[in-house]
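# Descriptive analysis of the structure
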Amino acid sequence: MIEGRIVIDPALRVGPVRRRTFGSFVEHLGRCVYTGIYEPEHPSADEDGFRGDVLALTRELGVTTVRYPGGNFVSAYRWEDGIGPVAERPARPDPAWHSTEPNLFGVDEFMAWARKAGVEPMMAVNLGTRGVAEALDLLEYCNLPPGTHWASRRPVPEPYDVRIWCLGNEMDGPWQIGHKTAREYGRLAAETARAMRMLDPDLELVACGSSSSTMPTFGAWEEVVLEETYDLVDHISCHAYYEEQDGDLDSFLASAVDMDHFIDTVVAKADEVGARLGARKRIQVSFDEWNVWYQSRWADATPDGWPVAPPLLEDDYHLADAVVVGGLLIALLRHTDRVAAACQAQLVNVIAPIRTEPVGPARRQPTFHPFAQAARHAAGDVLDVQPESPRRETAKYGPVPVLDAVAARDPETGRTTVFAVNRSTTDPLDLTITVQTSAAEATTLADSDPYARNTAADPDRVTPRPNPDVVVDGDHVRVVLPPVSWNVIHLA
Ligand code: AHR
(Lines give C-alpha, C1' and ligand atoms only; values in the text may rest on other atoms or scores of the structure.)
Protein backbone atom coordinates (compact mmCIF):
# COMPACT_ATOMS: atom_id res chain seq x y z
CA MET A 1 0.00 0.00 0.00
CA ILE A 2 1.33 3.46 -0.90
CA GLU A 3 0.32 6.62 0.93
CA GLY A 4 -0.96 9.96 -0.21
CA ARG A 5 -2.17 13.16 1.43
CA ILE A 6 -4.33 16.12 0.63
CA VAL A 7 -5.50 19.05 2.68
CA ILE A 8 -8.88 20.82 2.60
CA ASP A 9 -8.36 24.50 3.30
CA PRO A 10 -10.96 27.05 2.12
CA ALA A 11 -8.13 29.59 1.90
CA LEU A 12 -6.71 27.63 -1.04
CA ARG A 13 -9.57 28.76 -3.27
CA VAL A 14 -8.77 28.74 -7.01
CA GLY A 15 -12.05 30.30 -8.15
CA PRO A 16 -15.70 29.44 -8.64
CA VAL A 17 -16.79 26.21 -10.30
CA ARG A 18 -17.90 27.34 -13.74
CA ARG A 19 -20.92 25.51 -15.02
CA ARG A 20 -19.61 25.66 -18.58
CA THR A 21 -16.78 23.35 -17.50
CA PHE A 22 -19.27 20.56 -18.07
CA GLY A 23 -19.94 21.17 -21.74
CA SER A 24 -20.20 18.60 -24.51
CA PHE A 25 -20.13 18.61 -28.29
CA VAL A 26 -22.53 17.52 -31.03
CA GLU A 27 -21.04 17.44 -34.51
CA HIS A 28 -22.56 16.24 -37.77
CA LEU A 29 -20.12 13.34 -37.75
CA GLY A 30 -20.86 9.64 -37.95
CA ARG A 31 -23.83 8.75 -35.74
CA CYS A 32 -23.67 11.63 -33.30
CA VAL A 33 -26.72 13.40 -34.74
CA TYR A 34 -28.45 10.74 -36.86
CA THR A 35 -29.28 7.65 -34.73
CA GLY A 36 -27.56 9.49 -31.85
CA ILE A 37 -29.64 12.39 -30.61
CA TYR A 38 -32.08 12.30 -33.57
CA GLU A 39 -33.86 9.15 -34.74
CA PRO A 40 -37.56 9.57 -35.52
CA GLU A 41 -37.92 5.78 -36.02
CA HIS A 42 -36.71 5.01 -32.50
CA PRO A 43 -39.36 3.72 -30.04
CA SER A 44 -38.38 6.44 -27.53
CA ALA A 45 -38.46 9.27 -30.11
CA ASP A 46 -40.64 12.27 -29.33
CA GLU A 47 -42.72 14.37 -31.71
CA ASP A 48 -39.53 16.10 -32.94
CA GLY A 49 -37.71 12.83 -33.62
CA PHE A 50 -35.35 13.22 -30.64
CA ARG A 51 -34.43 9.99 -28.88
CA GLY A 52 -35.96 10.12 -25.40
CA ASP A 53 -33.42 7.68 -23.97
CA VAL A 54 -30.53 9.91 -25.14
CA LEU A 55 -32.21 13.04 -23.80
CA ALA A 56 -32.57 11.33 -20.42
CA LEU A 57 -28.92 10.23 -20.41
CA THR A 58 -27.80 13.72 -21.46
CA ARG A 59 -29.61 15.17 -18.47
CA GLU A 60 -28.18 12.47 -16.20
CA LEU A 61 -24.70 13.26 -17.53
CA GLY A 62 -25.20 16.82 -16.29
CA VAL A 63 -24.09 18.49 -19.51
CA THR A 64 -24.45 22.27 -19.30
CA THR A 65 -23.39 23.56 -22.72
CA VAL A 66 -23.26 21.87 -26.13
CA ARG A 67 -21.04 23.05 -28.97
CA TYR A 68 -22.57 22.63 -32.46
CA PRO A 69 -22.39 21.84 -35.44
CA GLY A 70 -18.65 21.05 -35.63
CA GLY A 71 -15.79 20.37 -35.58
CA ASN A 72 -14.23 19.81 -38.97
CA PHE A 73 -17.75 19.57 -40.38
CA VAL A 74 -18.45 23.25 -39.81
CA SER A 75 -15.67 24.38 -42.13
CA ALA A 76 -17.67 23.49 -45.27
CA TYR A 77 -21.17 23.77 -43.77
CA ARG A 78 -23.89 25.96 -45.25
CA TRP A 79 -26.21 26.49 -42.32
CA GLU A 80 -29.06 27.62 -44.59
CA ASP A 81 -29.29 24.06 -45.97
CA GLY A 82 -30.60 22.94 -42.59
CA ILE A 83 -33.57 25.32 -42.24
CA GLY A 84 -37.05 25.51 -43.78
CA PRO A 85 -39.29 22.63 -44.88
CA VAL A 86 -37.37 19.39 -44.44
CA ALA A 87 -38.50 18.00 -47.82
CA GLU A 88 -36.92 20.97 -49.58
CA ARG A 89 -33.54 20.74 -47.85
CA PRO A 90 -30.64 19.61 -50.05
CA ALA A 91 -28.38 16.66 -49.32
CA ARG A 92 -24.72 17.68 -49.59
CA PRO A 93 -21.41 15.89 -49.53
CA ASP A 94 -19.52 16.54 -46.30
CA PRO A 95 -15.87 16.60 -47.35
CA ALA A 96 -14.56 16.54 -43.78
CA TRP A 97 -15.94 13.09 -42.97
CA HIS A 98 -16.59 11.78 -46.49
CA SER A 99 -20.28 11.39 -45.76
CA THR A 100 -23.59 12.67 -47.09
CA GLU A 101 -25.28 15.29 -44.94
CA PRO A 102 -29.05 14.92 -45.45
CA ASN A 103 -29.83 18.15 -43.57
CA LEU A 104 -32.82 16.62 -41.80
CA PHE A 105 -31.43 18.19 -38.63
CA GLY A 106 -30.24 21.80 -38.59
CA VAL A 107 -30.10 24.88 -36.41
CA ASP A 108 -33.80 24.85 -35.47
CA GLU A 109 -33.77 21.18 -34.55
CA PHE A 110 -30.61 21.72 -32.52
CA MET A 111 -32.13 24.62 -30.59
CA ALA A 112 -35.28 22.60 -29.89
CA TRP A 113 -33.18 19.64 -28.75
CA ALA A 114 -30.98 21.88 -26.56
CA ARG A 115 -34.06 23.33 -24.89
CA LYS A 116 -35.40 19.85 -24.12
CA ALA A 117 -32.00 18.69 -22.88
CA GLY A 118 -31.71 21.81 -20.70
CA VAL A 119 -28.34 22.79 -22.18
CA GLU A 120 -26.93 26.07 -23.41
CA PRO A 121 -26.09 26.14 -27.14
CA MET A 122 -22.55 27.13 -28.16
CA MET A 123 -22.48 27.76 -31.90
CA ALA A 124 -19.56 27.66 -34.32
CA VAL A 125 -19.45 29.67 -37.56
CA ASN A 126 -17.79 28.50 -40.76
CA LEU A 127 -14.57 30.40 -41.35
CA GLY A 128 -13.21 27.70 -43.68
CA THR A 129 -15.20 28.09 -46.90
CA ARG A 130 -17.15 31.15 -45.71
CA GLY A 131 -16.62 34.40 -43.86
CA VAL A 132 -18.06 37.54 -42.27
CA ALA A 133 -21.30 37.70 -44.30
CA GLU A 134 -22.46 34.17 -43.55
CA ALA A 135 -21.52 34.50 -39.87
CA LEU A 136 -23.67 37.63 -39.70
CA ASP A 137 -26.55 35.85 -41.44
CA LEU A 138 -26.46 33.00 -38.93
CA LEU A 139 -26.22 35.40 -36.00
CA GLU A 140 -29.18 37.36 -37.36
CA TYR A 141 -31.15 34.11 -37.72
CA CYS A 142 -30.37 33.06 -34.16
CA ASN A 143 -30.38 36.26 -32.15
CA LEU A 144 -32.33 39.07 -33.80
CA PRO A 145 -36.07 39.71 -33.37
CA PRO A 146 -38.27 39.03 -36.42
CA GLY A 147 -38.43 41.79 -39.04
CA THR A 148 -35.34 41.19 -41.16
CA HIS A 149 -34.68 38.57 -43.84
CA TRP A 150 -33.10 35.75 -41.84
CA ALA A 151 -34.62 36.52 -38.44
CA SER A 152 -38.11 36.38 -39.96
CA ARG A 153 -37.46 32.91 -41.33
CA ARG A 154 -36.88 31.46 -37.90
CA PRO A 155 -39.82 29.17 -37.06
CA VAL A 156 -40.27 30.80 -33.65
CA PRO A 157 -40.49 34.56 -32.98
CA GLU A 158 -38.32 34.47 -29.86
CA PRO A 159 -34.63 34.70 -30.66
CA TYR A 160 -32.51 31.71 -29.68
CA ASP A 161 -30.25 34.18 -27.90
CA VAL A 162 -27.02 32.22 -28.33
CA ARG A 163 -24.41 33.86 -26.09
CA ILE A 164 -21.20 32.02 -26.93
CA TRP A 165 -19.80 31.56 -30.45
CA CYS A 166 -16.69 29.88 -31.85
CA LEU A 167 -15.00 31.71 -34.70
CA GLY A 168 -14.29 28.68 -36.89
CA ASN A 169 -12.73 25.38 -35.89
CA GLU A 170 -9.09 24.23 -35.70
CA MET A 171 -7.96 26.67 -38.35
CA ASP A 172 -4.31 25.85 -37.50
CA GLY A 173 -4.74 22.28 -38.79
CA PRO A 174 -3.68 21.47 -42.36
CA TRP A 175 -6.59 18.98 -42.44
CA GLN A 176 -9.09 21.78 -41.92
CA ILE A 177 -11.05 22.91 -44.97
CA GLY A 178 -9.94 26.49 -45.53
CA HIS A 179 -6.87 26.09 -43.27
CA LYS A 180 -5.05 29.40 -42.81
CA THR A 181 -1.87 30.83 -41.44
CA ALA A 182 -2.16 32.41 -38.01
CA ARG A 183 -2.07 35.91 -39.50
CA GLU A 184 -4.70 35.10 -42.15
CA TYR A 185 -6.98 33.50 -39.59
CA GLY A 186 -6.37 36.21 -36.98
CA ARG A 187 -7.41 38.91 -39.46
CA LEU A 188 -10.55 37.01 -40.52
CA ALA A 189 -11.48 36.22 -36.92
CA ALA A 190 -11.03 39.87 -35.96
CA GLU A 191 -13.22 41.14 -38.80
CA THR A 192 -15.87 38.49 -38.09
CA ALA A 193 -15.85 39.30 -34.38
CA ARG A 194 -16.08 43.05 -35.01
CA ALA A 195 -19.06 42.62 -37.34
CA MET A 196 -20.83 40.11 -35.07
CA ARG A 197 -20.52 42.52 -32.14
CA MET A 198 -22.18 45.21 -34.26
CA LEU A 199 -25.26 42.98 -34.48
CA ASP A 200 -25.09 41.76 -30.90
CA PRO A 201 -22.58 43.50 -28.61
CA ASP A 202 -22.82 41.11 -25.66
CA LEU A 203 -21.57 37.96 -27.33
CA GLU A 204 -18.80 35.84 -25.92
CA LEU A 205 -16.45 34.97 -28.75
CA VAL A 206 -13.90 32.18 -28.96
CA ALA A 207 -10.89 32.47 -31.27
CA CYS A 208 -9.32 29.24 -32.51
CA GLY A 209 -6.19 28.30 -30.61
CA SER A 210 -4.15 25.18 -31.25
CA SER A 211 -5.59 21.79 -32.20
CA SER A 212 -3.13 20.18 -29.82
CA SER A 213 -0.07 21.11 -27.82
CA THR A 214 2.00 19.03 -30.28
CA MET A 215 1.20 21.24 -33.27
CA PRO A 216 4.41 22.70 -34.75
CA THR A 217 2.80 26.15 -34.56
CA PHE A 218 1.72 25.78 -30.90
CA GLY A 219 2.43 28.98 -28.99
CA ALA A 220 3.31 31.06 -32.05
CA TRP A 221 -0.23 30.52 -33.34
CA GLU A 222 -1.84 31.84 -30.14
CA GLU A 223 0.50 34.82 -30.11
CA VAL A 224 -0.33 35.98 -33.64
CA VAL A 225 -4.06 35.22 -33.41
CA LEU A 226 -4.35 37.16 -30.15
CA GLU A 227 -2.33 40.08 -31.52
CA GLU A 228 -5.07 40.42 -34.14
CA THR A 229 -8.07 39.70 -31.94
CA TYR A 230 -7.23 40.56 -28.33
CA ASP A 231 -9.81 43.33 -27.86
CA LEU A 232 -12.47 41.54 -29.87
CA VAL A 233 -12.63 38.06 -28.35
CA ASP A 234 -13.09 36.67 -24.86
CA HIS A 235 -11.61 33.20 -25.13
CA ILE A 236 -8.97 31.22 -26.99
CA SER A 237 -9.67 27.55 -27.65
CA CYS A 238 -7.60 24.48 -26.79
CA HIS A 239 -8.24 20.98 -28.16
CA ALA A 240 -6.61 17.81 -26.85
CA TYR A 241 -7.19 14.09 -27.31
CA TYR A 242 -5.32 11.32 -25.52
CA GLU A 243 -4.87 7.60 -26.14
CA GLU A 244 -2.75 4.77 -24.80
CA GLN A 245 0.12 4.20 -27.21
CA ASP A 246 2.44 1.19 -27.48
CA GLY A 247 1.01 -0.36 -24.29
CA ASP A 248 2.32 2.55 -22.18
CA LEU A 249 -0.47 2.68 -19.61
CA ASP A 250 1.53 4.75 -17.10
CA SER A 251 2.00 7.65 -19.53
CA PHE A 252 -1.61 7.41 -20.64
CA LEU A 253 -2.90 7.57 -17.07
CA ALA A 254 -0.80 10.73 -16.62
CA SER A 255 -2.44 12.54 -19.59
CA ALA A 256 -3.62 15.37 -17.33
CA VAL A 257 0.04 16.44 -17.03
CA ASP A 258 -0.15 17.44 -20.69
CA MET A 259 -3.47 19.23 -20.22
CA ASP A 260 -2.02 21.21 -17.27
CA HIS A 261 0.97 22.22 -19.37
CA PHE A 262 -1.24 23.09 -22.35
CA ILE A 263 -3.45 25.41 -20.28
CA ASP A 264 -0.52 27.00 -18.43
CA THR A 265 1.30 27.71 -21.70
CA VAL A 266 -1.73 29.22 -23.42
CA VAL A 267 -2.51 31.39 -20.39
CA ALA A 268 1.12 32.58 -20.27
CA LYS A 269 1.05 33.39 -24.00
CA ALA A 270 -2.25 35.23 -23.73
CA ASP A 271 -1.06 37.26 -20.76
CA GLU A 272 2.19 38.08 -22.53
CA VAL A 273 0.29 39.42 -25.55
CA GLY A 274 -2.08 41.30 -23.24
CA ALA A 275 0.82 42.88 -21.37
CA ARG A 276 2.50 43.89 -24.64
CA LEU A 277 -0.75 45.52 -25.82
CA GLY A 278 -1.26 47.25 -22.49
CA ALA A 279 -4.60 45.48 -22.05
CA ARG A 280 -6.34 45.12 -18.70
CA LYS A 281 -8.63 42.39 -19.90
CA ARG A 282 -7.54 38.76 -19.53
CA ILE A 283 -8.28 36.21 -22.19
CA GLN A 284 -9.86 33.00 -20.89
CA VAL A 285 -9.47 29.44 -22.15
CA SER A 286 -12.28 27.56 -23.87
CA PHE A 287 -11.11 23.93 -23.84
CA ASP A 288 -13.84 23.12 -26.29
CA GLU A 289 -12.66 19.69 -27.43
CA TRP A 290 -11.07 17.19 -25.04
CA ASN A 291 -11.35 13.47 -24.48
CA VAL A 292 -9.77 10.07 -24.92
CA TRP A 293 -9.74 9.22 -28.64
CA TYR A 294 -7.91 6.24 -30.18
CA GLN A 295 -7.02 8.23 -33.29
CA SER A 296 -4.45 5.66 -34.43
CA ARG A 297 -7.22 3.04 -34.71
CA TRP A 298 -9.34 5.26 -36.93
CA ALA A 299 -6.57 6.64 -39.15
CA ASP A 300 -7.81 4.72 -42.23
CA ALA A 301 -11.50 4.93 -41.43
CA THR A 302 -12.63 7.02 -44.41
CA PRO A 303 -15.96 5.52 -45.51
CA ASP A 304 -16.38 3.94 -48.94
CA GLY A 305 -18.64 6.11 -51.05
CA TRP A 306 -20.68 8.89 -49.39
CA PRO A 307 -22.87 7.18 -46.77
CA VAL A 308 -25.33 8.97 -44.51
CA ALA A 309 -24.31 8.77 -40.84
CA PRO A 310 -21.83 5.88 -41.08
CA PRO A 311 -20.50 4.54 -37.78
CA LEU A 312 -17.29 6.59 -37.34
CA LEU A 313 -14.90 6.98 -34.40
CA GLU A 314 -17.03 4.75 -32.16
CA ASP A 315 -14.44 4.10 -29.48
CA ASP A 316 -15.39 1.48 -26.87
CA TYR A 317 -14.03 2.83 -23.62
CA HIS A 318 -12.66 0.93 -20.63
CA LEU A 319 -11.90 1.70 -17.01
CA ALA A 320 -8.45 3.20 -17.66
CA ASP A 321 -10.02 5.58 -20.21
CA ALA A 322 -12.54 6.65 -17.56
CA VAL A 323 -9.75 7.29 -15.03
CA VAL A 324 -7.99 9.46 -17.63
CA VAL A 325 -11.24 11.36 -18.23
CA GLY A 326 -11.48 11.86 -14.46
CA GLY A 327 -7.91 13.17 -14.39
CA LEU A 328 -8.67 15.60 -17.21
CA LEU A 329 -11.74 16.87 -15.32
CA ILE A 330 -9.51 17.42 -12.27
CA ALA A 331 -7.08 19.43 -14.45
CA LEU A 332 -9.91 21.55 -15.87
CA LEU A 333 -11.31 22.27 -12.40
CA ARG A 334 -7.83 23.06 -11.07
CA HIS A 335 -7.63 25.80 -13.73
CA THR A 336 -11.08 27.21 -13.08
CA ASP A 337 -9.52 30.67 -12.64
CA ARG A 338 -8.74 30.69 -16.38
CA VAL A 339 -10.78 27.92 -18.03
CA ALA A 340 -14.17 29.48 -18.70
CA ALA A 341 -15.64 26.66 -20.76
CA ALA A 342 -14.84 23.09 -21.75
CA CYS A 343 -16.54 20.54 -24.00
CA GLN A 344 -15.99 16.83 -23.83
CA ALA A 345 -15.98 15.66 -27.43
CA GLN A 346 -18.42 14.26 -28.28
CA LEU A 347 -21.80 13.46 -26.70
CA VAL A 348 -23.15 10.36 -28.45
CA ASN A 349 -21.51 7.49 -30.37
CA VAL A 350 -18.56 9.48 -31.74
CA ILE A 351 -15.80 9.20 -29.08
CA ALA A 352 -18.62 9.57 -26.61
CA PRO A 353 -19.82 8.68 -23.11
CA ILE A 354 -23.20 7.57 -24.52
CA ARG A 355 -23.53 4.73 -27.03
CA THR A 356 -26.71 3.93 -28.94
CA GLU A 357 -27.90 1.10 -31.12
CA PRO A 358 -30.11 2.21 -34.02
CA VAL A 359 -33.69 1.36 -33.03
CA GLY A 360 -32.14 -0.23 -29.93
CA PRO A 361 -30.93 0.66 -26.44
CA ALA A 362 -28.58 3.41 -25.30
CA ARG A 363 -25.93 2.77 -22.65
CA ARG A 364 -23.37 4.54 -20.51
CA GLN A 365 -19.72 4.00 -21.38
CA PRO A 366 -17.28 3.93 -18.39
CA THR A 367 -16.27 7.52 -19.28
CA PHE A 368 -19.85 8.61 -18.55
CA HIS A 369 -19.38 8.26 -14.82
CA PRO A 370 -16.55 10.65 -13.90
CA PHE A 371 -18.18 13.36 -16.00
CA ALA A 372 -21.62 12.82 -14.48
CA GLN A 373 -20.25 12.77 -10.93
CA ALA A 374 -18.10 15.86 -11.40
CA ALA A 375 -20.93 17.76 -13.10
CA ARG A 376 -23.31 16.85 -10.29
CA HIS A 377 -21.07 17.32 -7.27
CA ALA A 378 -18.68 20.14 -8.21
CA ALA A 379 -20.39 23.20 -6.73
CA GLY A 380 -19.24 26.42 -5.12
CA ASP A 381 -15.50 27.04 -5.03
CA VAL A 382 -12.70 24.96 -6.44
CA LEU A 383 -10.01 24.29 -3.83
CA ASP A 384 -6.42 23.37 -4.52
CA VAL A 385 -5.73 20.38 -2.24
CA GLN A 386 -1.93 20.19 -2.66
CA PRO A 387 -1.72 16.42 -3.30
CA GLU A 388 1.37 14.57 -2.07
CA SER A 389 2.19 11.02 -3.11
CA PRO A 390 5.00 8.86 -4.47
CA ARG A 391 5.96 9.48 -8.09
CA ARG A 392 5.98 6.91 -10.83
CA GLU A 393 8.28 7.12 -13.83
CA THR A 394 6.50 7.64 -17.16
CA ALA A 395 8.07 7.52 -20.61
CA LYS A 396 6.24 10.64 -21.80
CA TYR A 397 6.21 12.93 -18.78
CA GLY A 398 9.03 11.73 -16.50
CA PRO A 399 8.20 11.13 -12.82
CA VAL A 400 4.50 11.82 -12.14
CA PRO A 401 2.69 11.67 -8.76
CA VAL A 402 0.32 8.69 -8.67
CA LEU A 403 -2.32 10.73 -6.84
CA ASP A 404 -4.13 13.64 -8.44
CA ALA A 405 -7.03 15.42 -6.77
CA VAL A 406 -9.03 18.61 -6.48
CA ALA A 407 -11.95 19.62 -4.25
CA ALA A 408 -15.08 21.73 -4.55
CA ARG A 409 -16.61 23.38 -1.51
CA ASP A 410 -20.04 24.90 -1.42
CA PRO A 411 -19.64 27.93 0.87
CA GLU A 412 -23.37 27.97 1.60
CA THR A 413 -23.62 24.41 2.91
CA GLY A 414 -19.97 23.81 3.76
CA ARG A 415 -20.30 20.54 1.88
CA THR A 416 -16.99 19.57 0.28
CA THR A 417 -16.42 16.98 -2.41
CA VAL A 418 -13.01 15.60 -3.31
CA PHE A 419 -12.34 14.18 -6.77
CA ALA A 420 -9.28 11.93 -6.83
CA VAL A 421 -7.54 9.46 -9.12
CA ASN A 422 -5.02 6.79 -8.21
CA ARG A 423 -2.86 6.41 -11.32
CA SER A 424 -0.84 3.51 -9.95
CA THR A 425 -1.45 0.37 -11.99
CA THR A 426 -0.27 -1.87 -9.14
CA ASP A 427 -0.83 -0.36 -5.69
CA PRO A 428 -3.83 0.77 -3.68
CA LEU A 429 -3.29 4.20 -2.17
CA ASP A 430 -4.06 5.00 1.45
CA LEU A 431 -5.25 8.60 1.22
CA THR A 432 -5.24 10.85 4.28
CA ILE A 433 -7.38 14.00 3.99
CA THR A 434 -6.69 16.71 6.55
CA VAL A 435 -10.13 18.20 7.21
CA GLN A 436 -12.59 18.93 10.00
CA THR A 437 -15.60 16.79 9.26
CA SER A 438 -18.15 14.73 11.14
CA ALA A 439 -18.84 12.26 8.35
CA ALA A 440 -17.45 11.06 5.06
CA GLU A 441 -18.53 8.71 2.33
CA ALA A 442 -17.02 7.77 -0.99
CA THR A 443 -17.72 6.08 -4.30
CA THR A 444 -15.09 4.45 -6.44
CA LEU A 445 -14.87 3.48 -10.10
CA ALA A 446 -12.46 0.54 -10.25
CA ASP A 447 -12.14 -3.02 -11.49
CA SER A 448 -9.66 -5.87 -11.23
CA ASP A 449 -9.07 -5.34 -14.97
CA PRO A 450 -8.08 -1.79 -16.05
CA TYR A 451 -9.43 -2.67 -19.49
CA ALA A 452 -12.90 -3.67 -18.24
CA ARG A 453 -15.70 -2.34 -20.45
CA ASN A 454 -19.45 -1.95 -20.37
CA THR A 455 -21.14 -4.08 -23.00
CA ALA A 456 -24.71 -4.56 -24.16
CA ALA A 457 -24.76 -7.81 -22.13
CA ASP A 458 -23.13 -6.21 -19.05
CA PRO A 459 -23.87 -2.46 -19.32
CA ASP A 460 -22.96 -1.65 -15.70
CA ARG A 461 -19.75 -3.59 -15.16
CA VAL A 462 -17.81 -0.32 -14.80
CA THR A 463 -19.96 1.90 -12.63
CA PRO A 464 -19.28 3.83 -9.37
CA ARG A 465 -19.78 1.74 -6.25
CA PRO A 466 -19.73 2.71 -2.56
CA ASN A 467 -16.20 2.52 -1.14
CA PRO A 468 -16.35 0.76 2.26
CA ASP A 469 -12.78 1.77 3.21
CA VAL A 470 -13.50 5.25 4.57
CA VAL A 471 -12.73 6.20 8.18
CA VAL A 472 -13.19 9.55 9.97
CA ASP A 473 -10.37 9.85 12.51
CA GLY A 474 -10.07 13.14 14.44
CA ASP A 475 -8.96 15.84 12.00
CA HIS A 476 -8.45 13.32 9.25
CA VAL A 477 -10.40 11.17 6.85
CA ARG A 478 -8.73 8.07 5.51
CA VAL A 479 -9.85 6.29 2.39
CA VAL A 480 -8.25 3.55 0.31
CA LEU A 481 -8.16 4.23 -3.44
CA PRO A 482 -7.72 1.05 -5.52
CA PRO A 483 -5.17 1.01 -8.36
CA VAL A 484 -6.42 2.71 -11.57
CA SER A 485 -9.43 4.31 -9.92
CA TRP A 486 -11.60 7.42 -9.97
CA ASN A 487 -12.99 8.41 -6.58
CA VAL A 488 -15.53 10.90 -5.27
CA ILE A 489 -15.35 11.60 -1.52
CA HIS A 490 -18.11 13.57 0.18
CA LEU A 491 -17.27 15.41 3.41
CA ALA A 492 -20.03 16.75 5.61
O1 AHR B 1 -14.10 15.62 -32.45
C2 AHR B 1 -13.63 15.06 -33.65
C3 AHR B 1 -12.82 16.04 -34.47
O4 AHR B 1 -11.65 16.35 -33.77
C5 AHR B 1 -13.43 17.39 -34.72
O6 AHR B 1 -14.26 17.40 -35.84
C7 AHR B 1 -12.24 18.26 -34.95
O8 AHR B 1 -12.46 19.59 -34.57
C9 AHR B 1 -11.14 17.60 -34.15
O10 AHR B 1 -10.00 17.41 -34.90
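Preceding this section is the structure that the text describes.
Residues numbered from 1 in each chain as written. Predicted model: local features only at pLDDT ≥ 70, side-chain atom pairs only at ≥ 80, totals over all residues. Heavy atoms only, no water.

## A few points about the packing of helix 2 (residues 107-117) against helix 3 (residues 132-143)
The contact between helix 2 and helix 3 brings their axes to 12 Å, and the two run at 45 degrees. One element, helix 2, and the other, helix 3, form an angle in the oblique class. Crossing of helix 2 against helix 3: the hand is right-handed. Contact residues: helix 2 offers Val107, Asp108 and Met111, while helix 3 offers Leu138, Tyr141 and Cys142. (Axes fitted to C-alpha atoms, helices over the stretch in contact; angles between N-to-C directions. Helix = DSSP H or I, 4+ residues; strand = E, 2+ residues; numbered from the N terminus. Parallel < 35°, antiparallel > 145°, perpendicular 65-115°, else oblique. Left-handed = near helix turned anticlockwise from the far one by under 90°. Contact = heavy atoms within 4.5 Å.)

## Some details on the packing of aromatic side chains
Within the structure shown, the criterion is met by 17 aromatic pairs. Ring centres of Phe22 and Phe371 lie 6.0 Å apart, and the angle between their planes is 85 degrees; this geometry places the pair in the edge-to-face category. Of this pair, Phe22 sits in the loop between strand 2 (13-16) and strand 3 (23-25) while Phe371 sits in helix 10 (residues 368-377), and the two are 349 residues apart along the sequence. For the residue pair Phe22 and Phe371, the accessibility class agrees, reading buried in each case. When the ring of Tyr241 is compared with that of Trp293, the centres are 4.7 Å apart and the planes differ by 85 degrees; the resulting orientation is edge-to-face. Here Tyr241, found in strand 10 (residues 235-242), pairs with Trp293, found in the loop between strand 11 (284-292) and helix 9 (319-334); they are 52 residues apart in sequence, far enough to count as distant. Taking the relative accessible area as the measure of exposure, Tyr241 reaches 16% and is therefore buried. (Phe/Tyr/Trp six-rings, centres within 6.5 Å; stacked < 30°, edge-to-face > 60°. Buried < 20%, exposed > 50% of the residue type's maximum accessible area, 1.4 Å probe, protein only.)

## Focus on the pairing of strand 7 (residues 120-125)
Most of strand 7 is tucked away, with five of its six residues classed as buried. Where strand 4 (residues 65-68) meets strand 7, four bridges bridge the pair, whose relative direction is parallel. Within strand 7, the residue paired with Tyr68 across the bridge is Met123. (Pairing = 2+ DSSP bridges.)

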